[in-house]
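Close look at the chain arrangement
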Amino acid sequence: MSKYYYDYLLQFEKLYVELSYGVNKNVAASTQNQALCAIVFLYTEVLKQELGDIGEVVWAKKPKKLPVVFSRQEVKALLGQLSDVKWIIGYLLYGAGLRLMECLRLRVQDIDFSYNQINVRDGKGKKDRRTMLPEIVKEPLRKHLEKVKIQHEKDLKRGFGTVYLPYALAQKYPNAKKSWHWQYAFPSKNLSIDPRSGEEQRHHLSEIVLQRAVKVAILKAGINKHAGCHTLRHSFATHLLEDGYDIRTVQELLGHSDVKTTMIYTHVLNKGGLAVKSPADGL
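Within each chain, residues carry numbers counting from 1 in the order of the written sequence. Given that the model is predicted, a residue must reach a pLDDT of at least 70 before its local features are reported, and side-chain atom pairs must reach 80 or more before they are shown or counted; all residues, however, enter totals for whole chains, interfaces and linings. To obtain the side-chain values, all non-hydrogen atoms of the structure were included, while hydrogens and water were left out.

Thoughts on the nonpolar core
What is meant by a nonpolar core is a set of buried Ala, Val, Leu, Ile, Met, Phe, Trp, Tyr and Cys residues, joined one to another through side-chain atoms within 4.5 Å. The rule is simple: take the accessible area with a 1.4 Å probe, protein chains only, and divide by the maximum for that residue type; under 20% is buried, over 50% is exposed, in between is partly exposed. With 49 residues, the main nonpolar core has Leu78, Leu92, Leu98 and Phe186 as its most contacted residues. Contact between two residues is taken to exist if any of their heavy atoms lie within 4.5 Å; hydrogens are not considered. Contact partners of Leu92, with chain neighbours within four places excluded, come to Gly97, Leu98, Cys103, Ile118, Leu133, Pro134, Val137 and Phe186. Ranked by size, the runner-up nonpolar core spans six residues in total, among them Val163, Leu169, Ala176 and Tyr184.

Put into structure tokens, the structure is as follows:
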């Protein structure tokens, strides 16, 4: 057996132990399910053996938790700790309700300054949607894109300037990967080799950069909540509902398939379907 397979088996064995002791060792549900998938993969793909009857296996259920939400004052304090492109992205996460990767994968053509909207392409569930472009971020974003365009033109002169295109568009439109409107709105500072094509090009900014920046900003702002980038999206939805916007509108802006997913924010507000007020508040 090669060293590659030996190391592989050791990793699966570790996961198997986590699965076996998941109930007694307080292992998270996602870890237990990952271990179970790993065992199945080991036998079917690595060892090329039938797994056989493994008994009545029950998938671990993830506990339902209410999302953490920032107050408006906390959002303002957090965003005040960000600067430059991180400030712009932070405002888009909160002001447009974008997921982090949706924001980082935005192309220049996805931002419509004329209609104050952002076109989210191929979001979660392979769905497209439109959301608003916050007025406060328009000018900083416009100036940012001017700098990105200068950088792109320099890349072209150096013989680079291509970008990854999805769904074989690079083969269908060979020149599109060098065009300005297909470039990432938030490109990386450095060129890198795309493992899919082998080309040296400029990918979008790494999500780790934003995640770290937001974590630091939360600490500096003195916010005592277990939160991150996605908390800004939760806050976007909650604050819209607080302002009286229809839940269907919020659902569309968030890109949820089912309104039940959006309904979780009514529970954050402590406003169920009946919007019941505690009798204690009337004393």
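Once you've had a look at it, read on.
Quick notes on the side chain of Arg129
Inspection of the secondary structure puts Arg129 in strand β3 (residues 129-132). Judged by its relative accessible area of 11%, Arg129 falls in the buried class. Pairs of N or O atoms are called polar contacts if they sit within 3.5 Å, as long as, within protein, a hydrogen donor faces a hydrogen acceptor (for residues adjacent in sequence, only side-chain-to-side-chain pairs). Separated by 2.9 Å, the side chains of Arg129 and Glu102 make a polar contact. Strands here mean DSSP runs of E at least two residues long; helices mean DSSP runs of H or I at least four residues long; both are numbered from the N terminus.

Quick look at the pattern of salt bridges
Only one rule defines a salt bridge in this text: a Lys or Arg side-chain nitrogen within 4 Å of an Asp or Glu carboxyl oxygen. One pass over the structure, following the stated rule, counts 12 salt bridges. Salt-bridge contacts for Lys225 lead to Glu74; the nearest nitrogen and oxygen are separated by 2.8 Å. In this pair, Lys225 sits in the loop between α8 (207-220) and α9 (229-242) while Glu74 sits in helix α3 (residues 72-79), placing the two residues 151 residues apart along the sequence. Between Glu102 and Arg99 there is a salt bridge, and its shortest N-O distance comes to 2.5 Å. Assessed through its relative accessible area of 8%, Glu102 is described here as buried. Three or more residues joined by partner-sharing salt bridges are found here, namely Arg72, Glu242 and Asp243.

Structural notes on the packing of aromatic side chains
Centres within 6.5 Å are what make two rings of Phe, Tyr or Trp a pair, Trp counting through its six-membered ring; a difference in plane orientation under 30 degrees is then read as stacked, over 60 as edge-to-face, and the rest as tilted. If you walk through the whole model with that rule in mind, you get one aromatic pair. Seen in terms of ring centroids, Trp87 and Tyr91 are 4.5 Å apart; in terms of plane orientation they differ by 50°. Their pairing is tilted. Linking Trp87 with Tyr91, this pair stays in helix α4 (residues 84-95), spanning four residues, or about one helical turn. By relative accessible area, which is 18% here, Tyr91 ends up buried. Any Lys NZ or Arg CZ that is within 6 Å of a ring centre and within 35 degrees of that ring's normal is treated as a charge sitting over the ring. The cationic tip of Arg196 hangs over the ring face of Tyr164; the distance from NZ or CZ to the ring centre is 3.7 Å.

Quick word on the layout of surface pockets
Estimated volume of the largest pocket: approximately 530 Å³. Under this grouping Gly is polar, as are all residues other than the nonpolar Ala, Val, Leu, Ile, Met, Phe, Trp, Tyr, Cys and Pro and the charged Asp, Glu, Lys and Arg. Counted by class, the lining of the largest pocket contains seven nonpolar, four polar and eight charged residues. Only protein atoms enter the 1 Å grid used here. Points where a 1.4 Å probe fits but cannot escape make up a cavity, open sets with protein on both sides within 12 Å along at least five of seven lines make up a pocket, and a residue lines them when an atom lies within 4 Å of a point. Grid points are joined across faces, edges and corners, and a volume is the space filled by probe spheres set on the points. In this model, the second largest pocket occupies a volume close to 450 Å³. For the lining of the second largest pocket, the elements supplying multiple residues, two or more each, are α4 and α6 (135-157). When residues in the lining of the second largest pocket are grouped by element, the largest group, six residues, is from α6. Each residue belonging to the lining of the second largest pocket can be placed in one class, and the counts come to eight nonpolar, four polar and five charged.

Notes on α3
Residues of α3 that are buried: Glu74, Val75, Leu78 and Leu79. Seen end-on, α3 carries its buried residues on one side only, within an arc spanning 125°. Turned more than 90 degrees away from the buried face of α3 sit Gln73 and Lys76, all of them exposed. Those residues of α3 that are buried lie in contact with α4, α8 and α9. Arc definition: it is the arc formed by the directions from the helix axis to the C-beta atoms.

Everything listed here is a matter of coordinates, which is why it stays silent on function.
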